[in-house]
There are 4 protein chains.
Amino acid sequence: MIGGGHSSFIGIVHRIASYIGEEYKLVGGAFDTDHGRAIDFARSLELDTNRAYPNIDAFVSGETALPADERIEAVVVVTPNFLHYPMAKQLIEAGFHVICEKPVTNTAEEAIELEELVAKHNVVFALTHTYTGYPMVRQMKSMIANGIIGDIHKVDAQYYQGWINPVIHDKEKRKGVWRLDPAKAGQSCCMGDIGVHAFNMIEYTTGLKTEKVLADLNTLYEDNPLDIDGTAMLRLNNGIRGLVRASQIATSEENALQIAVYGSKGGLRWEQENPNYLYYLPEGGIQQVLKPGHDYNSEFAKVSTKMAPGHPEGIFDSMANLYSGAAKAIKGEDYIDGAFPTIRDGVRGMKFIEAVLASDKNGNSWTEIVD
Amino acid sequence: MIGGGHSSFIGIVHRIASYIGEEYKLVGGAFDTDHGRAIDFARSLELDTNRAYPNIDAFVSGETALPADERIEAVVVVTPNFLHYPMAKQLIEAGFHVICEKPVTNTAEEAIELEELVAKHNVVFALTHTYTGYPMVRQMKSMIANGIIGDIHKVDAQYYQGWINPVIHDKEKRKGVWRLDPAKAGQSCCMGDIGVHAFNMIEYTTGLKTEKVLADLNTLYEDNPLDIDGTAMLRLNNGIRGLVRASQIATSEENALQIAVYGSKGGLRWEQENPNYLYYLPEGGIQQVLKPGHDYNSEFAKVSTKMAPGHPEGIFDSMANLYSGAAKAIKGEDYIDGAFPTIRDGVRGMKFIEAVLASDKNGNSWTEIVD
Amino acid sequence: MIGGGHSSFIGIVHRIASYIGEEYKLVGGAFDTDHGRAIDFARSLELDTNRAYPNIDAFVSGETALPADERIEAVVVVTPNFLHYPMAKQLIEAGFHVICEKPVTNTAEEAIELEELVAKHNVVFALTHTYTGYPMVRQMKSMIANGIIGDIHKVDAQYYQGWINPVIHDKEKRKGVWRLDPAKAGQSCCMGDIGVHAFNMIEYTTGLKTEKVLADLNTLYEDNPLDIDGTAMLRLNNGIRGLVRASQIATSEENALQIAVYGSKGGLRWEQENPNYLYYLPEGGIQQVLKPGHDYNSEFAKVSTKMAPGHPEGIFDSMANLYSGAAKAIKGEDYIDGAFPTIRDGVRGMKFIEAVLASDKNGNSWTEIVD
Amino acid sequence: MIGGGHSSFIGIVHRIASYIGEEYKLVGGAFDTDHGRAIDFARSLELDTNRAYPNIDAFVSGETALPADERIEAVVVVTPNFLHYPMAKQLIEAGFHVICEKPVTNTAEEAIELEELVAKHNVVFALTHTYTGYPMVRQMKSMIANGIIGDIHKVDAQYYQGWINPVIHDKEKRKGVWRLDPAKAGQSCCMGDIGVHAFNMIEYTTGLKTEKVLADLNTLYEDNPLDIDGTAMLRLNNGIRGLVRASQIATSEENALQIAVYGSKGGLRWEQENPNYLYYLPEGGIQQVLKPGHDYNSEFAKVSTKMAPGHPEGIFDSMANLYSGAAKAIKGEDYIDGAFPTIRDGVRGMKFIEAVLASDKNGNSWTEIVD
């Protein structure tokens, strides 16, 4: 693990996700920029402190010097956003499998470069688009792939949060938000952080690709350089209409990622805050509510659930499913398509973000996403 | 009542709404194009068959010939859509108060003309934007007006139905749908029929005005002349962003009109299919669920509820509230602003529809709504 | 209408219910114990003031003196509870059809007497167990009758309200509550007012009969003579277990009448506060949510719905369905079994209440309900 | 860990729960009655195979022979039910801290014996009443303790499942269900397995004690020796009424544990299948919905949540909270009262089960629970 020490919030999340499937063992890493704290952290987890490296360079040289069967196989990157790209690159080039937090890079160009390196070095690269790990999202993907809702003609995805509202209206407060600082957060705040999840959810569940976008972003205040709210109209394959609605000023909304997909034979709706309910609306039939753990679910949904029906699994279990999928890939075992997001998802996401920004800048004009 | 006889679906809805408040009495009308059936209909309701007129001309001449205190005061127009404008015009000019089904007219120009006539003849004109009659919609309007959610910065309204899905994919079937025939349905199907409700709900609850729109409409098939799905980005006063999402191909959705309004101090969410729940999300506080019949509601919401809490009122009760509001206006009594939609709402709605159509036609460009 | 004048709350509810189906016309009554106010009331509704009688005796003699085709056919009894029995008796004996508010009588013996009189005088007697009029309750009844959930083995009905909480804890306040005064409210408060609805809902939807009960009632304070909370275990036919849970101290609950019925092939759940959702849980299958207005519903549910799916109907519409059912019976037309509750429901309800009270008094012992 | 090897379902659940807080490390155990399989299992988790003991005796002698600082500190007992008591006893007597699956013992007498041993040997004993670990259950406990809902006057807990329905109606199938075999399942099926959870939830959240019960159990078929459904009326302290409703024939219900507590100042409702929502109904106020991760929650709820609001945690996280609580106790750190269920909960539960069975046997009579 690179990053993820005592001062990290996200490190524990990844560790929990890695523990749940019992396929990973935390051995070492470069947990902290302060080596002393890194060693303390290793001790707190009863790790070998020799493998609590002072930095990524030491990590790479130290581990690659070990015999192959002792060497760390997969590395989790949970450093600040702007470091994802260079560190992932270094690790891939050194032959490590990589599990990387979002966003994968700062630009689409960098993501494409990583995609080429992953292929060249033949490593597994997993990007933690966590929400794709929920069993009912996977059930949705299976049902659509199996034609249950027929030909899709409309997709609407929302990701509404309200967290920025308490700070955005005060000039001093908003200056201090790192997500609103392009140097730290990159080109976009709302679309880059959460809009891209909604976009990914659309492409993940439907298997469709977005061909162009028309976006309208909102910074709310002139001195705020980054979007905190926006809507993107999508043209998916065959002219199918899609919608990505994202906001961080949807006051007091928590984490309201939702998707609805409508086809000629039925509709499907899912909400992240109640992830164990999948609403299936068959044309002309009775509305159905699918839940995890049942025989009626697809194989993909079934292997993504650990408990019997009615025992709610949550977001750690969802991320754990991604870790399990990547473990299968790392071990060279068969796995179901979609078992974990790859660098491909990273490339698509970065292209989406850049297209949205370009559309907004160019008078809300249609902007193509070339693949 | 003009129209509304045995073969009418909507006539009974208006009659029920008129009965509920005990302010109206059905006396006569031109119920049917077939005079014999009109008389049968009058008999079935034990009305004076002399006042079951063969047509609107006979109605107007017959009633205006009566002494003022015997004459019908208010007329409900529930004829096919394309007749709303000429009949409303004739009735206004003859001095009747008018309660008119949606859409008010075929064009914004006609709506403006009616607005001038209503003012000139000093009559009450009520347009049955039914959903504005729900007590929790009125509570929402009151709370926003009282600043409970602070300065609004985002509005998102949805009206999703799926009724056209079973017929739209078959070339012959879709040819036979009157709502897809411009001669009968007017300039728009989806936006004109339901998108305008979502638009009206935004302006009604927030008190804001829409200044321009950018719309993307969908006919799904080339031989289908009218929109059956569409999204409109809105700029409300002060640059506030709004969204109208409407669809008739949201497969198996029933009547999913929903609105969310977010402001600096909180958010509000309401759904038509569960109309007795208003979700209030105070910034930094606990989510609250307001319901009708409670003392904590506004005066406007309270007078719009008849029963104690927990006794669900529905869509007839909502429309009945509009009838009661119009009754107060007709009797010259005081009433709360917003008690019934007026010709003003009709004008705004028609302007919205025309702007949306123009935007879509002109390459999804921003189109102003001048008032 | 007997009772129901300006000072009545329930009168307007019944009138609305009677208007909705357009089968009834309010002609006259004994609206108020003050004749002047009764005449005022008649004037406000533009009724013939000659038929605003000073009392029930005048009503009966006045109306029976009229030629049969001018005479009032059906009388609605909405007087205070203790007057239901004597007035219903008088009206039945005079040959009027009667629509009567709950409770039908003060004792089971009186209810049995009315049952005999109804048979003897061959009149229609409708008891307004309002909740049986909801389309999804009727759908539930149809599904159970058609064996959709197989053999029933468990029923659980709840009716929780919280209205008495704000007054019950203060000695002076609770003294002033008429529902806690046996002289006005009868033998029971909670079970008599709402427990009996839950009981009726069980027998109505399942078609089963209760053979014995074991009840535990709660007055909360020693000086309070009547139950305000209680649970009754039921043995239905064939030893099937049922449960009636009722409370008026379920603090801040509004009107939470709920029923769940479980059988060998599936379960069904319904809640009064969200009456347009019927949850069907097929054994081994996907949970289904039935809603009104769809073709998949039973004939009984379909004729009990006026609008297209997604247009919520409420409690007035539910009561209106009872009025429409009774209208069919009065006109001698065919009607579906269960279209309106009859004196039979009244007798069953009173027997239930008396058995519950006896069980509680006799140390929570099993008490039979003989039919 | 005793039990929990490859063939165990529950072992993985406990291991996940133990991993989440990063306070436990799996070192060894007696994982399987087949030693070869136990060693395989240890290898699959990369454990020291020397500590994969062939049985509990070898485990106890092997571990106690180690120096104190190398010895296993805490043992998880996840063997078949009838082994919980003897193994827990052996482990306690050997000085191990014990984390034990439900049911703690077969009889109340055995539980009392364990309680005495726990005190005598001064070890930590945690019983995994998993549902008490949910943050919103803990919030409920905190709010009640802080008097938010005033004096409690009614409690209603339900635990409805439907899993036994598909096998119960067939004579041969039901014979093969181990939970219906007294030799394996103990004295009770439904009440012992799930009713006791509802009971525990009542005592846990309210802090009240049950003084007597009146229960009615159902075996459905004469040849079935154990209850699969039942209702218990409770008298809590001060005559407060409670209700435990449990069923395994609530067809197609999944895991519907629910609790409602009503007091003089408000009510609280929680449901296990949607564990991140706590409904607070203040007397006379607006219904509120509390969710995890917010500052408004109690300290106890806050430390029981790992993620920001809107990131659903589930049942593993709930059990992990019990493990973390027990870890604090084992390490001698301070912990909040209720952080994990103890042998006290085990004693209370067993007494409840025995009282319920006695009441049912003795003609549904009131049966005391002496403490």
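Predicted model only: the values in this text are computed from it and were never measured.

(A) Region of the structure containing the relation of the copies chain A and chain B. Superposing chain A onto chain B takes a rotation of 180° plus a shift of 0.0 Å along the axis, which leaves an RMSD of 0.0 Å. What the rotation and shift describe, once combined, is the action of a two-fold rotation axis. A share of 100% of interface residues in chain A that are also interface residues in chain B marks the association as one of identical surfaces.

(B) Summary view of helix H6 (residues 135-145) of chain C. Residue and element names in this part refer to chain C. Of all the eleven residues making up H6, nine are buried; the element is thus mostly covered by neighbouring parts of the structure. For H6, every residue scored as buried is listed here: Pro135, Met136, Val137, Arg138, Gln139, Met140, Lys141, Met143 and Ile144. Following H6 by one or two positions, Gly147 has its phi on the positive side, about 75°.

(C) Fine view of the nonpolar core. Formed by 478 residues in total, the largest nonpolar core has its most connected members in Val98(A), Val98(B), Val98(C) and Val98(D). Excluding residues that lie within four positions of it along the chain, Val98(B) makes contacts with Val75(B), Val77(B), Ala88(B), Leu91(B), Ile92(B), Val123(B) and Phe125(B).

(D) Inspection of the sheet that holds strand S3 (residues 97-100) of chain D at higher detail. Residues and elements named next belong to chain D. Read across the sheet, four strands follow the order S1-S2-S3-S4 without closing on themselves; strand pairing throughout is parallel. Looking along the sheet, the strands with just one partner apiece sit at the ends: strand S1 (2-3) and strand S4 (125-127). As paired strands, S1 and strand S2 (residues 74-78) are joined by two bridges and run parallel to one another. Note that in S2 the partner of Gly3 across the bridge is Val78.

(E) Structural view of the interface of chain A and chain B. In this assembly, 33 residues from chain A lie in contact with 33 residues from chain B. Where the side of chain A that touches chain B is concerned, the elements lending two or more residues are strand S5 (152-160), helix H7 (165-168), strand S6 (210-218), strand S7 (229-236), strand S8 (241-247), strand S9 (256-263), strand S10 (266-271) and strand S11 (278-282) of chain A. With four residues, the top contributor of residues to the side of chain A that touches chain B is S8(A). When its residues are assigned to classes, the side of chain A that touches chain B shows ten nonpolar, 15 polar and eight charged.

(F) Main features of the interface of chain A and chain C. Across the contact, seven residues belong to chain A and seven residues belong to chain C. Residues that form the side of chain A that touches chain C fall into these classes: four nonpolar, three polar and no charged. For strand S12 (residues 287-290) of chain A and strand S12 (residues 287-290) of chain C, the ladder comprises three bridges, and the chain directions are antiparallel. Following the sheet pairing, Gln287(A) is matched in S12(C) by Val289(C).

(G) Structural view of the relation of the copies chain A and chain C. With an axial shift of 0.0 Å and an RMSD of 0.0 Å, the rotation relating chain A to chain C amounts to 180°. Counting the interface residues of chain A, we find that 100% of their copies in chain C are interface residues as well, pointing to one common contact surface.

(H) Broad picture of helix H5 (residues 108-121) of chain A. Between its terminal C-alpha atoms H5(A) stretches 20 Å, which fits the 20 Å expected from 14 residues at 1.5 Å a residue. Here the buried face of H5(A) lies against helix H4 (84-93), strand S4 (125-127) and helix H13 (343-361) of chain A.

(I) Summary view of the sheet that holds strand S4 (residues 125-127) of chain B. The sheet built from four strands is open, its strands ordered S1-S2-S3-S4 (chain B) with parallel pairing. Edge positions in the open sheet fall to strand S1 (2-3) and S4 of chain B, since each of these has one partner strand only.

(J) Up close: unusual backbone geometry. In this model, Lys102(B) is joined to Pro103(B) through a cis peptide bond whose omega is -10°. By secondary structure assignment, the location of Pro103(B) is in the loop between strand S3 (97-100) and helix H5 (108-121). Positive phi outside glycine occurs at Glu46(B), with the angle close to 55°. Along the polypeptide, Glu46(B) turns up in the loop between helix H2 (35-44) and helix H3 (56-64). Judged by the 9 C-beta atoms lying within 10 Å of it, Glu46(B) is exposed. For Leu220(C), which is not glycine, the phi dihedral falls at a positive 70°. One can find Leu220(C) in the loop between strand S6 (210-218) and strand S7 (229-236).

(K) Representation of the pairing of strand S2 (residues 74-78) of chain B. Residue and element names in this part refer to chain B. Of all five residues making up S2, five are buried, and the element is well covered by its neighbours. Of the two faces of S2, the one lined by Ala74, Val76 and Val78 and the one lined by Val75 and Val77 are each fully buried. The sheet contact formed by S2 and S3 spans four bridges and is parallel. Paired with Val77 across the two strands is Cys100, which belongs to S3. A crossover connection joins S2 to the parallel S3 through helix H4 (residues 84-93); in handedness this β-α-β unit is right-handed.

What counts and how
Residues numbered from 1 in each chain as written. Chains lettered and ligands numbered in written order. Predicted model: local features only at pLDDT ≥ 70, side-chain atom pairs only at ≥ 80, totals over all residues. Least-squares fit on C-alpha atoms with pLDDT ≥ 70 in both. Contact = placed C-beta atoms within 7 Å. Buried ≥ 20, exposed ≤ 12 C-beta atoms within 10 Å, placed from the backbone. Helix = DSSP H or I, 4+ residues; strand = E, 2+ residues; numbered from the N terminus. Core = buried A, V, L, I, M, F, W, Y, C linked by C-beta atoms within 7 Å. Pairing = 2+ DSSP bridges. Nonpolar A, V, L, I, M, F, W, Y, C, P; charged D, E, K, R; others polar. Expected span 1.5 Å × (residues − 1). Right-handed = clockwise from strand over helix to strand, strands pointing away.

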